[in-house]
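Each chain, written out:
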Amino acid sequence: MIREKVRVKTFKINGVDVTGQSNQTILEVARDNGIEIPTLCHLEGLSCVGSCRMCIVEIKGSREPTPACTAKIKEGIEVTTNSSKIEATRKMILSMMFSERTHTCSTCVANGDCELQNKSVELELQHSQVPYLNKRFEIDASHKNFVNDPNRCILCTRCIRVCDEIEGAHALDLAGRGLSTRIIHDMDEPWADSQSCTSCGKCVYVCPTGALYEKDVSEEEVIKKRGIILELVKNRGKY
Ligand code: FES
């Protein structure tokens, strides 16, 4: 395999000159330069899938918005992260996430500690811009420690990636299509019957919403465990 040489590239973000290495994404260079771009499916240390589209930006000359977490930087491009059009599109995307499943925060275990909820506050989403679809999924509470509630899932696939890339178990995957897509264990077994799940809990602690959660733990414990797992993921390959 021929490896491409890493080169330094200069380009603009919101009119400011920035530099990065050719193997970096727009998101990485933006964050290195203190420019905030909202994300949901992205998690430092895991591969990028660009599924949530929260990080979309405009690139001058391009007709479509581009996900900053997967787009590699290029010499001379002009990136805008905060135009009114981009902000309105992000709000619409967020609205669609809320409308697709049942995100009633007041009855969710993650209420007050949910990235989807935080994002809606950050982006000042006051109400849903599209009708609720109210699709209902069965909850899998078969595992002795954990619960999988697809009604709260935004299909970011962080759980699948952490299980695959960090734990090396690949116990999780996606099943179904479109609105019916959901996270499954093995060949769609109840969680308790999964042969490949190691019960490590990494999937639970990278979940940005209340879709995967641990039974009977205090909020302090959740925060502590999540901190440990996120640090482990971030420092992937350094141990
Ligand atoms: Fe880029 Fe989800 S963070 S698409």
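What comes next is a walk through the structure.

Reading guide: rules and limits
Residues numbered from 1 in each chain as written. Predicted model: local features only at pLDDT ≥ 70, side-chain atom pairs only at ≥ 80, totals over all residues. Heavy atoms only, no water. Helix = DSSP H or I, 4+ residues; strand = E, 2+ residues; numbered from the N terminus. Rg over C-alpha atoms; globule rule 2.2 N^0.38 Å. Buried < 20%, exposed > 50% of the residue type's maximum accessible area, 1.4 Å probe, protein only. Phe/Tyr/Trp six-rings, centres within 6.5 Å; stacked < 30°, edge-to-face > 60°. Lys NZ or Arg CZ within 6 Å of the ring centre and 35° of its normal. Pairing = 2+ DSSP bridges.

### A short note on the overall build of the protein
- Tallying secondary structure elements over the protein gives six helices and nine strands in all.
- Computed over C-alpha atoms, the radius of gyration of the protein comes to 19 Å, within 12% of the 18 Å expected from 2.2 N^0.38 for 239 residues, which places it in the range of a compact globule.
- With respect to the principal axes defined by its C-alpha atoms, the protein has extents near 55 × 45 × 35 Å.
- Among the 239 residues that make up the protein, the fraction classed as buried is 45%.

### Remarks on the packing of aromatic side chains
- Taken as a whole and assessed by the stated rule, the structure comprises one aromatic pair.
- The residue whose ring lies beneath Lys-135 is Phe-137, and the NZ or CZ to ring-centre distance is 5.4 Å.

### Here we look at the sheet that holds strand S5 (residues 78–80)
- Here five strands make up an open sheet; going across it, the order is S2-S1-S5-S3-S4 and the pairing mixed. A strand with exactly one partner marks an edge of an open sheet, and here the two such strands are strand S2 (16–21) and strand S4 (66–67).
- Pairing geometry for strand S1 (residues 8–13) and S2, over six bridges, is antiparallel. For Lys-12, the partnering residue across the bridge sits in S2 and is Asp-17.

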